[in-house]
Amino acid sequence: MKTPRKLLLSSISLAVLTLINQAQAAEPQAAAAEQAAAPAQKDAAQSDIQQVVVTGVATGGLRRLDSAFSISTANEEQLKAAAPSSTADILKLVPGVYAESTGGQSGANIEVRGFPSGSDSPFVSVQMMGNPIYPVPTLSFFEGSSAFRLDDTIERVEVLRGGPSTIFSNGQPGATMNFILKKGSDTPEGSIRFSTGTGELRRVDVFYGGKISDGWYGTVGGFYRNTNGVRDAGFPADKGGQITGTLTRKLQDGELTFYARRTDDKNAFYTGVPLISSNEGRTITEFPGFDPLTGTLMSGEMRRFTVEAAPGKTLNYDLGDGRGLKATVLGADLDTKFSGWNLSNKFNYFKGDLNTIAMFTGNNPLTMGAYNAAAINTHRNAVAGQTATTATATYLDGTPVDANQQVVQAGLWAVEKKLESFTNELRVSKEWMKDNTVTIGGYFANYSSDDVWYLGSSHLMTAVPNARLINVKLNNGVIVSNNGKDGNVFYAPVASYDGSNTAFFISNDWKVNDTIRVDAGVRRERQKIDGTISNLTSADTDNNPLTVYNNGTSMPNGSNTYLTRTDSANSFTIGGNYKLSRDASVFARANTGHTFIAFDDLRNAGNQKSVDDRNFLPTPKIKQFEAGFKTANQLYTVYLNYFHTEFDGIAFQQILSNGQVLNSTSGSKGNGVEWELALRPVTNLTLQLSGDYQKSEYKDNPATAGKVVQRQPKLQYRFTPTYRIPLGDNELKLYGTYTHIGDRWADQANLQYLPSYKTVDLGALFIMNDKVEFRINATNVTNELGLTEGNSRLTTGGSGPINARPLFGRTWEASLTYRF
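Rules of the game
Residues numbered from 1 in each chain as written. Predicted model: local features only at pLDDT ≥ 70, side-chain atom pairs only at ≥ 80, totals over all residues. Heavy atoms only, no water. Helix = DSSP H or I, 4+ residues; strand = E, 2+ residues; numbered from the N terminus. Rg over C-alpha atoms; globule rule 2.2 N^0.38 Å. Buried < 20%, exposed > 50% of the residue type's maximum accessible area, 1.4 Å probe, protein only. Areas by Shrake-Rupley, 256 points an atom, 1.4 Å probe, with all protein chains shown as cover. Lys, Arg positive; Asp, Glu negative; His and termini not counted. Charge placed at Lys NZ, Arg CZ, Asp CG, Glu CD. Pairing = 2+ DSSP bridges. Salt bridge = Lys/Arg side-chain N within 4 Å of Asp/Glu carboxyl O. Expected span 1.5 Å × (residues − 1). Contact = heavy atoms within 4.5 Å. Patch = residues over 30% accessible without salt bridge, like charges linked within 9 Å, V, L, I, M, F, W, Y side chains within 5 Å. Phe/Tyr/Trp six-rings, centres within 6.5 Å; stacked < 30°, edge-to-face > 60°. Lys NZ or Arg CZ within 6 Å of the ring centre and 35° of its normal. Axes fitted to C-alpha atoms, helices over the stretch in contact; angles between N-to-C directions.

Colleague: Help me out: how do you make sense of the overall build of the protein in this one?
Modeller: A tally of helices and strands in the protein yields 7 helices and 49 strands. For 820 residues, the compact-globule formula gives about 28 Å, and the C-alpha radius of gyration of the protein, at 27 Å, lands near that figure. Its C-alpha atoms give the protein principal-axis dimensions of roughly 90 × 60 × 55 Å. Looking at the protein as a whole, 58% of its 820 residues are labelled buried. As displayed, the protein offers around 31500 Å² of accessible surface, 55% of which is attributable to carbon and sulfur atoms. Seen as two clouds, the 78 positive and the 79 negative side-chain charges of the protein have centres 2 Å apart.

This is how it looks when you write it as structure tokens:
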């Protein structure tokens, strides 16, 4: 498939010119009456009561209070007040979800209530306008939130957890993030926003939308941003932008919306930094000379590095490219009626490069002297008749390195990943008897991934911010480290994967009476995936045994292994809502779902016999039950629910610092309670509390049975007070958030302990005449040192120097917005 870039750019350009022309043609008085004001401070209670959601609903929309499932929402103002550091960081607003967003804009790890996952986001799907951007939520070096960037073209986001999501779209049993784009209307609106902040942030966001002609509406917007980031590597952490356009046609009984988005963004990827662990991991302190809140090992000295891929083949990469996104999304959303039927069709096409050029920490810190001693011991007799007795360590400029200098090893990895997908979901619904609607639909998807990996390339460097690279030579002629490189490429597969998915579903929604509403649905789904994966050999890239850093380099041997797998599975959901009053209800829901094995499972299996072995590679099964209570009035809002989850046959993978790949399969079970509460004790004051408590543990695998599911806190909550101060035609809003994240285990064996942490965020918004907004946000204002990830390249824990990934230190961002 070839991306129609020229068509995309031409369409957006036409929309811009048309909208500008319409804006200029409008009479001043009409424009003044219709121009979009800044988001007004609506009555919070009425907003909660009237809130309508579309995600997980078979047809049309449904009041959130009347829904028989758990769903959270955030509008444009709530998103900006939350000051998310990335798309994944939005999930801090959602109870039952824990997002490790300390890697930067991309590459988050996201855990969903009781769902066992070791990394990335296998149980979170990211959608735009109800379509999965890429239908497989996670692959190695890819998770769904990496394919989406926030800007002012977003109207709101809805996050559905469990519920009927197992039936619709791509059948995600975990959480579905659905971003709804702004659409043009009869009232034109526009905005331009300038932002600055930590890391010399420079960002501009623009948006305009309105009526083009009778029945036609459009929007266009985007952003451009450049920043060094809170962890200054000596080069831009984030650099790039995107543009998004929509075109809507009002129909006699519905509407058709086309949308297009082009993103070209480079984002540094942050991994672990040196820290000191004591009391078996219960206490974490700063490593001498290294600020864990702002420091990074990455530096300008190592920014551009080479990969020795094969004899005579050297590749150049740039750490500044990080985990970036260069992609195009095209889609269409049709909702209409005919002959008593409702029809919905959602189409999406995605194509992009999501490469990972990043540093991955390896072994824990040690002294230069200890490193030299280990090198001498390993290569003592590498040269016949010449026993190594001394090692010489120097910086790249030839200056000697002190034996007491703390050093670390980190791999500079390069993963090139080209993704492409097409999805389409068609639904038809009909009220075949009074208050009873049946929906029949089909979902079709094709997706591919072309991968080129170079894992390894360990580099020796000082354990200080913006580290210096180190060369090491032995007196028997062995070169241990050259230009900092002290390790080979240990895993270098080249692979092409293709997948297809076909699903059919039927659901029924029955409003029994004014009090009771029930729905049920079933889905039958089939997936076929294929993979052509290079077979690997190892060789010395320079045919010099004394350059030990590149001996045994992994590389394709010219042959390939073809693997294929076809699976089918059923999903089911049933739920009901009982109204206690107009604005209070209780609900209950049960569902069964699944995930299919993905491209990485083919690669890890290694041969067709293992791929076909359903005991070795089972289709994961998920059972969920939830029951909840919802209400809203002038004084308070309550969303409270209990959940139970059970999993069978979940596959895990861990890549260690030496290239060893650990695979395991297990199940899990969990119970918990999640809540979203709001109290409005006096006018203009809102107190919000959200969070969850859960107990989830592994089962079915003797090595981990009874252990706590990794990375997930038992208790997490956020308390957010907001106070609005009217000032005549102006308004001031003050807000803050106190967040508590409980202790966790970084690994399945519960060896790497991650202590609890708490953060404080503050913000203020000043609105002048509904046209000008000034906002300032500050996050982690107390500079809390909290860990989101341990050393995922090791299997041990304990005390002493470690590598781990901490929170970002105090950051601030200020923006000035003009609305017209």
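Colleague: Looking at this model, I keep getting lost on the sheet that holds strand 6 (residues 124–128). Mind explaining?
Modeller: Remark on secondary structure: sheet strands pair via backbone hydrogen bonds, oriented parallel or antiparallel. Taken in spatial order, the 5 strands make up an open sheet running 3-10-11-6-7, and their pairing is mixed. A strand with exactly one partner marks an edge of an open sheet, and here the two such strands are strand 3 (70–75) and strand 7 (131–132). Where strand 10 (residues 154–161) lies against strand 11 (residues 175–181), 7 bridges are found, and the strand directions are antiparallel. In the sheet register, Glu158 faces strand 11, and the bridge partner there is Asn178.

Colleague: Which parts of the structure should I look at to understand the pattern of salt bridges?
Modeller: Summed over all chains, the structure comprises 49 salt bridges. A salt bridge links Glu77 to Arg775; the shortest N-O distance between them is 2.5 Å. Residue Glu77 is found in helix 4 (residues 76–82), and its partner Arg775 is found in strand 46 (residues 772–779); the two are separated by 698 residues along the sequence. With respect to class, Glu77 is no different from Arg775; both count as buried. A cluster of three or more residues bridged by salt bridges with shared partners is formed by Glu76, Lys80, Asp152, Lys182, Arg193, Arg203 and Asp205.

Colleague: Looking at this model, I keep getting lost on helix 5 (residues 368–379). Mind explaining?
Modeller: Given 3.6 residues per helical turn, the α-helix brings residues three or four places apart onto the same face. With 12 residues, helix 5 extends 16 Å between its outermost C-alpha atoms, agreeing within 8% with the 16 Å of an ideal straight helix rising 1.5 Å per residue. Along its buried surface, helix 5 packs onto strand 25 (366–367), strand 26 (391–395), strand 27 (406–433), strand 29 (458–462), strand 30 (470–474) and strand 31 (479–481).

Colleague: Any chance you could explain a nonpolar patch on the surface here in plain terms?
Modeller: Residues Ile440, Ile506, Val522, Phe572 and Ile574 make up a contiguous nonpolar surface patch of about 400 Å² in total accessible area. One can find Phe572 in strand 35 (residues 553–581). When its relative accessible area of 38% is taken as the criterion, Phe572 is described as partly exposed.

Colleague: Is there a simple way to explain the environment of Thr817 in this structure?
Modeller: The residue Thr817 is located in strand 49 (residues 811–819) in this model. We classify Thr817 as buried; its relative accessible area is 4%. The contacts of Thr817, once residues within four sequence positions are left out, are Ser191, Ile192, Arg193, Lys771, Val772 and Glu773.

Colleague: Would you explain the packing of aromatic side chains in this entry?
Modeller: The geometry of an aromatic ring pair is captured by the separation of the ring centres together with the interplanar angle, meaning the angle of the planes. Summed over the entire model, instances satisfying the criterion amount to 25 aromatic pairs. Each ring, one from Tyr497 and one from Phe599, has its centre 5.0 Å from the other, and the planes form 10 degrees; the classification is stacked. Here Tyr497 is found in strand 33 (residues 494–511), whereas its partner Phe599 is found in helix 6 (residues 599–605), with 102 residues between them in sequence. Here Tyr497 matches Phe599 in class, with each residue buried. Considering the side-chain rings of Trp745 and Tyr753, the 5.3 Å spacing of their centres and the 75 degrees angle between planes classify their relative orientation as edge-to-face. Judged by relative accessible area, which is 16%, Tyr753 ranks as buried. The structure contains a cluster of three or more aromatic residues connected by ring pairs, namely Phe141, Phe269, Phe360, Trp413, Trp453, Phe490 and Tyr491. The cationic tip of Lys182 hangs over the ring face of Phe207; the distance from NZ or CZ to the ring centre is 4.5 Å. The aromatic ring of Phe587 is capped on one face by Lys630, whose charged end is 4.9 Å from the ring centroid.

Colleague: What is the right way to look at the sheet that holds strand 18 (residues 283–286) in this model?
Modeller: Pairing is antiparallel in the open sheet, where 4 strands are placed in the order 18-17-48-47. At either end of the open sheet lies a strand with only one pairing partner, and these are strand 18 and strand 47 (787–789). Put simply, the sheet's adjacent strands are angled 60 degrees from each other on average, direction ignored. Here strand 47 runs beside strand 48 (residues 800–806); their pairing, made up of 2 bridges, is antiparallel. From the neighbouring strand, Glu789 faces strand 48, where its bridge partner is Arg805.

Colleague: Sorry if this is basic, but what is going on with unusual backbone geometry here?
Modeller: You will see that Glu200, though not glycine, has its phi angle at about 55 degrees, which is positive. Note on placement: Glu200 falls in the loop between strand 12 (189–197) and strand 13 (201–213). Under the relative-accessibility criterion, Glu200 is labelled exposed at 56%. Although it is not a glycine, Asn750 sits at a positive phi angle of roughly 55 degrees. Inspection of the secondary structure assignment puts Asn750 in the loop between strand 43 (744–745) and strand 44 (753–754).

Colleague: Just to check I follow, could you spell out the side chain of Thr722 for this structure?
Modeller: For Thr722, the position within the fold is in strand 41 (residues 715–727). Filtering out sequence-adjacent residues up to four positions away, Thr722 remains in contact with Asn684, Leu685, Thr686, Lys733, Leu734 and Tyr735.

Colleague: When you look at the pairing of strand 27 in this model, what are you seeing that I'm missing?
Modeller: A regular strand carries its side chains on alternate faces of the sheet. Relative to strand 27, strand 23 (residues 341–353) runs antiparallel, the two sharing 13 bridges. Its bridge partner being in strand 27, Phe350 is matched across the sheet by Ser421. Pairing of strand 24 (residues 356–361) with strand 27 involves 6 bridges; the strand directions are antiparallel. Within strand 27, the residue paired with Thr361 across the bridge is Ala410. Note: strand 25 against strand 27, 2 bridges, orientation antiparallel. Directly across from Thr367, in strand 27, lies its bridge partner Gln406. Strand direction decides the pairing type here: strand 27 and strand 28 (residues 436–456), joined by 19 bridges, are antiparallel. From the neighbouring strand, Val428 faces strand 28, where its bridge partner is Ile440. Here strand 27 hands over to strand 28 after 2 residues, with Asp435 in that stretch at a positive phi of 65 degrees.

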